[in-house]
Every structure is written in C-alpha cells, then in structure tokens.
Amino acid sequence: MRDFLPAEKARRESVLAVIRERYRAHGFDEIETPVMEEYSRLHAGIGGDNEKLAYNVLKRGLDADAIRGAADDPAGLTDLGLRYDLTVPLARFYATNRGQLPSVFRSIQIAPVWRAERPQKGRYRQFVQCDIDIIGDASARAEAELAVATLDTLDALGLEGGSIRINDRRVLDWMLDSFGFTADERPGVLITIDKLDKLGPDGVVAELRERGATTAAVDAFEAFLRRPTTLEYNPYGERQIRKALPEGAPDEIIAHLAGVGSAVAAARATGIEGDIPLVFDPFLVRGMGYYTGTIFELAHPSVDYSLGGGGRYDGMIGRFLGQDVPAVGFSIGFERIVDLVAERTDAAAPAVVLVHDRDVSEGELLALKAALVRQGSRVRLEQRTKNLKALLERAASDGYTAFATVAAGATADALEVKPLG
C-alpha cells in the first residue's frame with residue numbers, strides 16, 4: 001500500500017478523469033459500493049485464488065474465549081471483508097437495486113480493492129480497478145460495446161495500437177473434453193495451459209506429464225499443438241477462429257465470437273480491410289472462477305504483459321438474486337496503465353505560485369489569490385526564501401506552470417506572471 005505525493009496524485013487523477021469521461025461517453029453510468037462485503041459473499045467459491053488473498057474483518061465484541069472457540073473456523077471469527085475485486089460487489093449491488101435499474105444496465109466502477117499479495121514490482125496490496133460492466137444483455141453486442149469503449153479509452157490516453165485477445169471458457173472446456181482430459185484434472189490442466197506463452201509447447205506438455213494428466217489426452221493435446229499450419233493471414237472472424245480450434249467446435253459459440261468481431265469492426269472502421277483489433281487465442285484462460293463464456297485480455301505493443309481483462313459471468317448474479325441474469329465486464333489495470341501514459345498538461349487551467357515578501361499583509365495576499373482564482377487559475381502562496389530556485393523547482397514538480405513575485409501594494413492587474421521552466 002502506498003502514499004502518493006501531490007504531483008503523482010494529480011497525475012493519477014488526470015488519467016482517471018480521461019477514463020471516466022470516455023466510459024461515460026459510451027453510455028455507462030458510475031456507481032459506488034462499500035469497501036466491505038459480507039464474508040459469505042466474498043468466500044462463495046467464485047473468486048478463485050483471490051478468495052485466499054481477502055482481508056477479513058474480525059467480528060466486533062469477541063472476547064478471548066470466543067476467539068479461542070472459533071480459532072479453527074475463520075467464518076466464526078469474521079463476518080465482513082475488504083473487497084478483492086469490483087465484480088462481486090456489483091453482483092450484490094444489482095441484486096439489491098434491480099427494481100431501480102434499467103433492464104440493460106451499463107455500470108462504471110472506479111475504486112480501490114485489497115488483496116494480501118506478496119508485494120513486488122507492479123503488484124500491490126491496495127490498487128485501483130476501473131471496471132465497466134453490462135448486465136442484462138446476453139448478445140455479442142455487449143462484449144463488442146465493452147471492447148470498443150476500452151480501446152477508445154486507450155486511444156484517448158495516447159496509447160493507440162492496443163488490441164484485445166479473446167476466447168471463450170466454453171471453447172476451452174470443449175477442447176479439453178475433445179482431447180480426453182477428465183473433469184477432475186481440468187483445473188490443473190488449465191493452470192498449466194495458461195503458461196503457454198512463458199513455457200512454450202514443450203514446457204507445457206512436459207508439465208502436464210509431470211502432473212500425471214491422462215496420457216492419451218496429453219498426447220492428443222501435443223499433436224494438436226504440433227499440427228501443420230499455413231502462413232496464410234486471416235483477420236479476426238469465423239475462419240480465423242475455426243482454424244485455431246480442433247475440428248467440430250460448437251457452431252453457436254463460434255458464431256457468438258465472430259459476432260463480437262463484426263460489431264467491433266463496424267465501430268472501429270478504419271478503411272483498412274481486415275483491420276480488427278481482436279485476436280482469437282484458444283489458450284487464453286483467465287483465472288477467475290466465475291467466468292462462464294467470453295473472456296478477454298487487453299494488450300499493447302509497448303509491453304509484454306496485459307493491461308486489463310474481463311469476461312462473461314452469467315451465473316454470478318443468480319447466486320444473489322435467485323434467477324440467472326447475463327452479465328459481462330472489462331477491467332482496465334489502472335496501476336499498469338498510469339505508468340505508460342505520457343505526462344498530461346491542461347493549458348486551460350494555469351497554475352500560478354505567488355512568491356511574496358514578508359511584509360505583504362494577509363489581506364492583500366488573499367485578495368490577489370481570490371482574483372486569480374476567479375480568472376480560472378490554480379494558486380499557491382509561498383513566502384520568498386533565500387533559495388528561490390529551489391522553491392520554484394519544487395512548485396514545478398507539484399504541477400505549477402507559472403509564478404509571480406508580490407510586493408506590498410501589488411494588484412492583480414499589475415502582476416508580472418512568468419512561466420516556470
């Protein structure tokens with residue numbers, strides 16, 4: 001968990017403002033949910049490994065005997081926990097407030113979440129997630145809307161050239177069945193397949209054999225990985241999807257994935273035939289246990305890691321509501337995005353430091369400051385120091401763009417405002 005000095009906080013808020021504005025432009029509405037949820041919701045078996053990383057809150061009023069009596073039962077010690085993502089809170093929010101929401105609800109959630117991670121570069125225990133979700137639409141249009149809004153947001157941040165890897169958990173399940181993996185070994189097999197980019201085909205096959213996975217299934221999987229392929233280029237669409245899968249893949253799922261591509265292509269029309277920023281990846285896994293269909297990951301050519309992801313979780317809201325409601329979401333990894341965005345400046349809102357002599361009265365200073373604020377400036381008062389250069393350098397690092405020196409009797413009209421440079 002980190003502190004942010006003023007300049008970094010301003011930088012983060014500038015990036016968040018762009019993300020919010022783009023999301024809202026695409027018809028999403030922002031909501032807010034509590035930082036804590038009930039323990040039973042956070043540990044309902046749908047959060048994958050994140051459930052193990054949840055911060056739980058001790059019940060109030062427990063005495064020593066009660067704590068000793070529940071020592072072997074975490075659920076007996078805690079009744080609340082800090083949210084580890086924004087999707088579980090959204091499902092609870094929708095179930096609670098459904099009567100006041102439209103039949104197809106497009107939500108924005110931008111807020112911190114907490115996970116008891118092992119701290120390392122790029123991985124924090126408190127971090128911001130930027131989620132958009134569509135609840136109530138089972139069609140490919142929902143996935144396409146999320147993809148278009150996400151890519152548009154990336155462009156607005158100056159990170160043009162992004163693309164989205166896409167797959168479907170139902171395709172993965174069908175593939176593993178067709179190869180002959182049993183239902184019991186499937187979770188472990190998926191963990192290994194998810195390492196394909198890192199280990200390569202040989203490493204993945206070797207690890208599957210070490211896991212003791214069904215020999216015939218591993219042989220079939222290896223044969224598929226080593227099948228002859230052509231160098232023919234196929235843009236995202238039905239042909240690309242079918243060529244990437246074994247024979248006999250379900251037509252309904254392929255049609256849904258192809259439909260996402262057609263809608264994204266129409267929205268992102270560039271005039272270049274086949275220029276669709278989607279890539280079908282039959283081995284994209286995504287680890288969250290609640291995904292039931294389409295899954296995505298956001299990629300950018302400047303980095304070799306994903307900048308976000310998401311997917312369809314049609315079964316989650318039913319756990320809270322008692323009836324299934326289609327839902328799909330996409331989350332931008334804000335902590336990764338913010339480090340890639342170039343410094344942004346707002347020329348329409350000058351930031352001025354008034355460096356004043358000791359003998360300038362408080363009334364004069366506040367009157368000058370108020371006059372500049374009314375003109376639309378951001379203003380800081382600083383008493384002159386012997387090392388004026390250091391004072392101005394600190395102001396510049398805090399985002400100020402200009403300064404003026406103030407002597408007794410100065411007026412706003414007579415101030416000589418100079419750029420900080």
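My aim in this report is to walk through the structure given alongside it, one point at a time. (Residues numbered from 1 in each chain as written. Predicted model: local features only at pLDDT ≥ 70, side-chain atom pairs only at ≥ 80, totals over all residues. Heavy atoms only, no water.)

### A word on the overall build of the protein
Turning to step 1, where the next piece is worked out: Check the secondary structure of the protein and you find 16 helices and 15 strands.
Turning to step 2, where the next piece is worked out: Taking the principal axes of the C-alpha coordinates as reference, the protein spans close to 90 × 70 × 45 Å.
Turning to step 3, where the next piece is worked out: The 421 residues of the protein split such that 46% are buried.
Turning to step 4, where the next piece is worked out: For the protein, the proportion of contacts with a sequence separation of at least 24, taken over those separated by at least 6, is 66%.
Turning to step 5, where the next piece is worked out: Per element, the accessible surface of the protein, about 21,300 Å² overall, is 51% carbon and sulfur. (Helix = DSSP H or I, 4+ residues; strand = E, 2+ residues; numbered from the N terminus. Buried < 20%, exposed > 50% of the residue type's maximum accessible area, 1.4 Å probe, protein only. Contact = heavy atoms within 4.5 Å. Areas by Shrake-Rupley, 256 points an atom, 1.4 Å probe, with all protein chains shown as cover.)

### Some words on the nonpolar core
Turning to step 1, where the next piece is worked out: Ranked by size, the top nonpolar core spans 70 residues in total, and within it Cys130, Phe181, Phe221 and Ile337 carry the most contacts.
Turning to step 2, where the next piece is worked out: Discounting residues that sit within four places of it in the chain, Cys130 has contacts with Leu16, Ile19, Tyr23, Gln109, Ile110, Phe330, Ser331, Ile332 and Phe334.
Turning to step 3, where the next piece is worked out: Core analysis: the next-biggest nonpolar cluster, separate from the first, contains 21 residues, Ala54, Leu284, Tyr290 and Tyr313 among them. (Core = buried A, V, L, I, M, F, W, Y, C linked by side-chain atoms within 4.5 Å.)

### Points about the sheet that holds strand E4 (residues 78–82)
Turning to step 1, where the next piece is worked out: Spatially, E2-E4-E3 is the arrangement adopted by the 3 strands of the open sheet, whose pairing is antiparallel. Bordering the open sheet on either side are strand E2 (36–38) and strand E3 (56–58), each of which pairs with just one other strand. In this sheet, adjacent strand axes meet at a mean angle of 40° when their direction is disregarded.
Turning to step 2, where the next piece is worked out: Here E2 pairs with E4 via 3 bridges, running antiparallel. Looking at the pairing, Glu37 lines up with Gly81 of E4. (Pairing = 2+ DSSP bridges. Axes fitted to C-alpha atoms, helices over the stretch in contact; angles between N-to-C directions.)

### Points about the sheet that holds strand E5 (residues 105–114)
Turning to step 1, where the next piece is worked out: With mixed pairing, the 8 strands of this open sheet are ordered in space as E1-E5-E6-E11-E10-E9-E7-E8. A strand with exactly one partner marks an edge of an open sheet, and here the two such strands are strand E1 (29–30) and strand E8 (278–280).
Turning to step 2, where the next piece is worked out: Its contacts with the sheet place helix H12 (residues 251–267) against strand E7 (163–168), E8 and strand E9 (294–299), and it is angled at close to 160° to E7.

### As for helix H1 (residues 6–25)
Turning to step 1, where the next piece is worked out: In this model H1 runs 28 Å from its N-terminal to its C-terminal C-alpha over 20 residues, within 8% of the 28 Å that 1.5 Å per residue would give.
Turning to step 2, where the next piece is worked out: Looking only at H1, the buried set comprises Arg11, Arg12, Val15, Leu16, Val18, Ile19 and Tyr23. All buried residues of H1 project into a common sector of 150° when viewed along the axis, lining one side. Residues of H1 that are exposed and point over 90 degrees away from its buried face: Arg24 and Ala25.
Turning to step 3, where the next piece is worked out: Turning to H1, the residues buried within the fold contact E5, strand E6 (126–135), helix H6 (140–156), strand E11 (327–333) and helix H14 (334–340).
Turning to step 4, where the next piece is worked out: The first or second residue beyond H1 is Gly27, which carries a positive phi of 90°. (Expected span 1.5 Å × (residues − 1). Arc of directions from axis to C-beta.)

### Concerning helix H7 (residues 169–179)
Turning to step 1, where the next piece is worked out: Taken together, the buried positions of H7 are occupied by Arg169, Val171, Leu172, Trp174, Met175, Leu176 and Phe179.
Turning to step 2, where the next piece is worked out: Contacts made by the buried residues of H7 are with E7, helix H8 (186–193), helix H10 (215–225), H12, E8 and E9.
Turning to step 3, where the next piece is worked out: Its side-chain oxygen at 2.8 Å from the backbone nitrogen of Arg170, Asp168 defines the N-terminal cap of H7.
Turning to step 4, where the next piece is worked out: Positive phi appears at Gly180, one or two residues downstream of H7, with a value of about 110°. (Polar contact = N/O pair within 3.5 Å; in protein donor to acceptor, adjacent residues only side chain to side chain.)

### A closer look at the environment of Lys369
Turning to step 1, where the next piece is worked out: Residue position: Lys369 is located in helix H15 (residues 362–374).
Turning to step 2, where the next piece is worked out: If we skip the residues at most four places from it in the chain, Lys369 touches Leu354, Val379 and Leu381.

### Concerning the pattern of salt bridges
Turning to step 1, where the next piece is worked out: Overall, the coordinates contain 34 salt bridges when judged by the stated rule.
Turning to step 2, where the next piece is worked out: The residue Arg209 makes a salt bridge to Glu222 at a minimum N-O spacing of 3.0 Å. Here the residue Arg209 occupies a position in helix H9 (residues 196–211), and Glu222 occupies one in helix H10, the gap between them amounting to 13 residues.
Turning to step 3, where the next piece is worked out: Between Asp398 and Arg380 there is a salt bridge, with its nearest N and O atoms 3.1 Å apart. In this pair, Asp398 sits in the loop between helix H16 (388–397) and strand E14 (402–406) while Arg380 sits in strand E13 (residues 378–383), placing the two residues 18 residues apart along the sequence.
Turning to step 4, where the next piece is worked out: Taking the relative accessible area as the measure of exposure, Asp398 reaches 14% and is therefore buried.
Turning to step 5, where the next piece is worked out: By relative accessible area, which is 19% here, Arg380 ends up buried.
Turning to step 6, where the next piece is worked out: Look at the salt bridges and you will find they share partners, linking Arg165, Asp197, Asp281, Arg286 and Glu297 into a network. (Salt bridge = Lys/Arg side-chain N within 4 Å of Asp/Glu carboxyl O.)

### Points about the packing of aromatic side chains
Turning to step 1, where the next piece is worked out: Taken as a whole and assessed by the stated rule, the structure comprises 8 aromatic pairs.
Turning to step 2, where the next piece is worked out: Ring geometry for Phe224 and Phe283: centres 6.2 Å apart, planes at 70°, overall edge-to-face. Highlighted residues: Phe224 in helix H10 and Phe283 in the loop between E8 and E9, separated in sequence by 59 residues.
Turning to step 3, where the next piece is worked out: In this structure Phe283 comes out as buried when scored by relative accessible area, which is 11%.
Turning to step 4, where the next piece is worked out: Taken together, a centroid distance of 5.1 Å and an interplanar angle of 25° make the contact between Phe296 and Phe330 stacked. Of the two residues, Phe296 is situated in strand E9 and Phe330 in strand E11; the sequence distance between them amounts to 34 residues.
Turning to step 5, where the next piece is worked out: Phe330 gets classed as buried once you look at its relative accessible area, which sits at 2%.
Turning to step 6, where the next piece is worked out: Feature note: the residues Phe179, Phe221, Phe224 and Phe283 constitute an aromatic cluster, connected by ring pairs.
Turning to step 7, where the next piece is worked out: Taking NZ or CZ as reference, Arg2 lies 3.5 Å from the ring centre of Tyr124, over its face.
Turning to step 8, where the next piece is worked out: In this structure, Arg227 is placed above the aromatic ring of Phe224, and the distance from its NZ or CZ to the ring centre is 3.9 Å. (Phe/Tyr/Trp six-rings, centres within 6.5 Å; stacked < 30°, edge-to-face > 60°. Lys NZ or Arg CZ within 6 Å of the ring centre and 35° of its normal.)

### Remarks on the side chain of His300
Turning to step 1, where the next piece is worked out: Relative to the elements of secondary structure, His300 occurs in the loop between E9 and strand E10 (308–312).
Turning to step 2, where the next piece is worked out: According to the relative accessible area criterion, His300 is buried, its value standing at 10%.
Turning to step 3, where the next piece is worked out: For His300, the side chain forms a polar contact with the main-chain oxygen of Glu160, separated by 2.9 Å.
Turning to step 4, where the next piece is worked out: Those residues in contact with His300 that lie beyond four places of it in its chain are Leu154, Leu159, Glu160, Gly161, Gly162 and Leu307.

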